[in-house]
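Working through the structure, step by step
The chain contents come next:
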Amino acid sequence: MRYYSTIKMLLLAMSCQLMILKGFAQTNVKLQVDGFNANTVISKHIYGHFSEHLGRCIYDGFWVGENSGIQNQGRIRLDIVDALKKIQIPNLRWPGGCFADEYHWRDGIGPRAQRPKMINTNWGNVTEDNSFGTHEFLELCSMLKCDPYITGNVGSGTVEEMSKWVEYLNFDGLSPMTEIRKQNGRDKPWGVKFWGVGNESWGCGGNMTPERYADEYKRYATFVKNYPNARMNKIAAGPNVADYNWTETMMKNVNAGQMWGLALHHYTLPTGNWGNKGSATSFDENEYFNTMKNCLYMEELVTKHSTIMDKYDAAKRVALVVDEWGIWTNVEPGTNPGFLYQQNSLRDAMVAATTLNIFNNHADRIRMANLAQTINVLQALILTEGNKMLLTPTYHVFDLYKAHQDAKLLPVKFSSPELVNGRNKIPALNVSASKDSNQVVHLTLVNLDPKNAMHINTAMNEVDWTKVEGQILTSPKLTDVNSFTQPNTVKPVVFNGAKKVGNELVVDLPAQSIVLLTLKK
Ligand code: AHR
């Protein structure tokens with residue numbers, strides 16, 4: 001008898017070993033979702049996007065040639081508008097980026113043929129013909145039904161120039177700027193609500209010290225007026241990654257009434273090296289691990305910047321606005337290095353899903369974020385080639401995660417299994433949960449482990465539910481992409497790996513997957 005049970009144990013151990021080798025190992029995890037403490041709203045503006053005059057984001061992206069043959073309305077591409085409306089894009093940041101601090105808005109209004117041309121010095125020294133300007137951008141936002149987020153020029157512009165732009169946009173009375181606006185065909189103001197006072201003022205926006213910028217911020221922001229029915233949420237240029245001194249200086253010198261938000265920029269570089277960032281499509285497990293480690297660094301950044309902000313603003317009036325984030329790889333071979341065109345794989349989806357879970361879980365301080373950038377640039381949602389367009393794996397993450405927009409955050413407790421690489425380790429699981437206004441609960445779970453599945457038992461405390469539905473985004477290889485010939489390689493499908501057992505939610509989460517679960521009564 002003893003002999004047989006030893007053999008049985010041995011066989012079991014061998015089969016487990018085999019499962020591990022074949023990639024079928026399963027780790028057990030316990031999760032607790034707290035339905036009682038739903039106190040923080042996940043602002044929909046965390047799901048914002050960014051479109052700079054850079055490469056093919058605006059020109060040959062949103063904005064097509066007059067005789068392109070591509071379906072458009074006033075030269076704005078309609079298939080793109082439809083795709084972005086589907087994910088409920090809440091806001092769009094424009095015109096930069098570095099471009100914002102060399103952009104002079106008056107060059108981009110009036111008859112197009114008369115608009116002056118300029119050099120886009122940051123992005124390939126190409127000619128910017130200013131055919132896409134204020135009216136075109138605001139028309140795009142109105143077609144997308146999203147809020148415009150405009151970044152004004154501090155680096156090479158004047159206070160007067162910024163102040164007049166705001167008057168042109170938001171004043172509804174008689175004034176020199178509103179007269180010009182009316183001559184240009186727009187009677188009513190647009191009521192723009194989000195305003196960036198410069199961009200990366202520590203770098204391409206003017207190479208300032210934080211002390212200098214804090215003073216400049218107050219001077220410029222004073223003349224960004226709140227017109228009737230158009231209160232402006234002013235956002236200061238914030239720290240570069242871990243520049244905690246920048247945050248400290250801004251919070252010490254600018255009070256909460258003068259600043260709606262403080263920006264933070266952090267990009268995930270697969271190799272961590274700006275000289276050779278790594279390929280978007282060809283990488284091994286080691287580089288994948290490093291990418292996810294660099295992506296998870298966002299958690300530390302957000303925590304530490306928030307702690308500094310708490311010191312000066314315990315009531316959390318000032319938002320942390322992560323208005324540039326995403327993976328930044330080498331450009332696709334053969335493309336203009338100044339255009340930042342990169343492909344988008346399942347790894348990119350992992351980066352997006354993980355970062356959005358971090359943002360959701362910090363929704364008490366993060367009230368806006370913008371992925372860089374919407375089309376054909378960096379971690380794009382959409383790639384175009386002539387009249388063809390494809391939705392990237394990152395797009396599908398935003399489609400799944402839109403369930404969290406403006407829902408109440410539900411705290412989740414768990415101890416994550418580790419993903420180990422040599423002497424380094426990262427948490428293999430990340431999660432966020434929310435309850436929407438119809439009392440529907442959504443969980444987004446990301447298993448970063450490329451080999452091991454997870455068996456998850458979840459206690460749903462104070463959550464009233466009877467059924468669960470799911471969707472999953474995964475693919476056999478982390479390097480899998482959607483291409484113009486095979487645009488549907490990576491896309492969400494129905495997920496049947498979750499069930500209700502008693503009051504527990506039991507999930508079998510496959511390796512390298514992103515899952516959205518919807519729990520209803
Ligand atoms: O998104 C590309 C560039 O990255 C932006 O123009 C700039 O703000 C940042 O350095």
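Values in this document were obtained by computation on a predicted structure and should not be read as measured data. (Residues numbered from 1 in each chain as written. Predicted model: local features only at pLDDT ≥ 70, side-chain atom pairs only at ≥ 80, totals over all residues. Heavy atoms only, no water.)

1. Thoughts on the state of the cysteines
Throughout the structure, instances matching the rule amount to one disulfide. The disulfide partner of Cys98 is Cys204, and the gap between their sulfur atoms is 2.2 Å. Measuring the twist about the S-S bond at about -90°, one finds the Cys98-Cys204 disulfide to be left-handed. With Cys98 in the loop between β5 (91-94) and β6 (118-120) and Cys204 in the loop between β9 (194-197) and α6 (210-222), the pair connects residues that are 106 residues apart, well separated along the chain. Its relative accessible area of 33% is what places Cys204 among the partly exposed residues. Free of any disulfide, Cys141 has its nearest neighbouring cysteine sulfur in Cys146, separated by 4.0 Å. (Disulfide = S-S within 2.5 Å. Helix = DSSP H or I, 4+ residues; strand = E, 2+ residues; numbered from the N terminus. Buried < 20%, exposed > 50% of the residue type's maximum accessible area, 1.4 Å probe, protein only.)

2. Description of the site of the ligand
Around the ligand, 13 residues are found, and the nearest of them are Glu52, Cys98, Glu200, Tyr267 and Glu324. Here an oxygen atom of the ligand sits 2.9 Å away from a polar atom, N or O, in the main chain of Cys98. Interatomic distance of 3.0 Å between a side-chain N/O atom of Asn199 and an oxygen atom of the ligand. Surface burial for the ligand is 93%, taken as the share of its 280 Å² of free accessible area covered by protein chains. Among the residues forming the shell around the ligand, the class breakdown is seven nonpolar, three polar and three charged. (Near = heavy atom within 4 Å. Polar contact = N/O pair within 3.5 Å; in protein donor to acceptor, adjacent residues only side chain to side chain. Areas by Shrake-Rupley, 256 points an atom, 1.4 Å probe, with all protein chains shown as cover. Nonpolar A, V, L, I, M, F, W, Y, C, P; charged D, E, K, R; others polar.)

3. Looking at the sheet that holds strand β17 (residues 412-414)
One open sheet accounts for five strands, arranged β17-β1-β22-β26-β25; its pairing is mixed. Where the open sheet ends on each side, the last strands, each with one partner, are β17 and β25 (498-501). Strand after strand, the sheet turns through a mean of 25° between neighbouring axes, direction not considered. The sheet contact formed by strand β1 (residues 26-34) and strand β22 (residues 453-461) spans nine bridges and is parallel. Looking across to β22, one finds that Leu31 is bridged to Thr458. (Pairing = 2+ DSSP bridges. Axes fitted to C-alpha atoms, helices over the stretch in contact; angles between N-to-C directions.)

4. Here we look at the sheet that holds strand β21 (residues 441-447)
Taken in spatial order, the six strands line up as β16-β20-β21-β27-β23-β24 in an open sheet, and their pairing is antiparallel. What marks the edges here is a single partner per strand, and that holds for β16 (408-410) and β24 (493-494). As paired strands, β21 and strand β27 (residues 513-520) are joined by seven bridges and run antiparallel to one another. By the bridge assignment for β27, Asn447 is matched with Ser513. Against the sheet, helix α10 (residues 393-401) makes contact with β21, β23 (467-473) and β27, and its axis sits at roughly 165° relative to β23, the strand it touches most. (Contact = heavy atoms within 4.5 Å.)

5. Looking at the nonpolar core
Counting 134 residues, the largest nonpolar core has Trp195, Met250, Trp325, Leu443, Ile514 and Leu517 as its most contacted members. Looking at which domains feed residues into this core, each of domain 1 (8-39 + 411-520) and domain 2 (44-271 + 320-352 + 363-405) supplies at least three. Filtering out sequence-adjacent residues up to four positions away, Trp195 remains in contact with Tyr149, Ile150, Gly152, Met162, Trp165, Val166, Leu169, Val224, Met232, Asn233, Lys234 and Ile235. Listed in part, the 12 residues of the second largest apolar core include Phe50, Leu54, Tyr267 and Leu340. (Core = buried A, V, L, I, M, F, W, Y, C linked by side-chain atoms within 4.5 Å. Domains from an automatic or database assignment.)

6. Quick notes on the pattern of salt bridges
If you walk through the whole model with that rule in mind, you get 26 salt bridges. The salt bridge involving Glu160 is made with Lys164; its shortest N-O contact spans 2.7 Å. One end of the pair is Glu160 and the other is Lys164, both in helix α4 (residues 159-170) and four residues apart, which spans about a single turn. Classification of Lys164 by relative accessible area gives partly exposed; the value is 26%. Counted as one network, the salt bridges with shared partners bring together Asp310, Asp313, Lys316, Asp364 and Arg365. (Salt bridge = Lys/Arg side-chain N within 4 Å of Asp/Glu carboxyl O.)

7. A closer look at helix α7 (residues 244-253)
Owing to its 3.6 residues per turn, the α-helix brings residues three or four apart onto one side. For α7, the full list of buried residues reads Trp246, Thr247, Glu248, Thr249, Met250 and Met251. Along its buried surface, α7 packs onto α6, β10 (233-236), β11 (261-268) and α8 (285-312).

Keep in mind that these numbers describe shape and distance, not what the molecule does.
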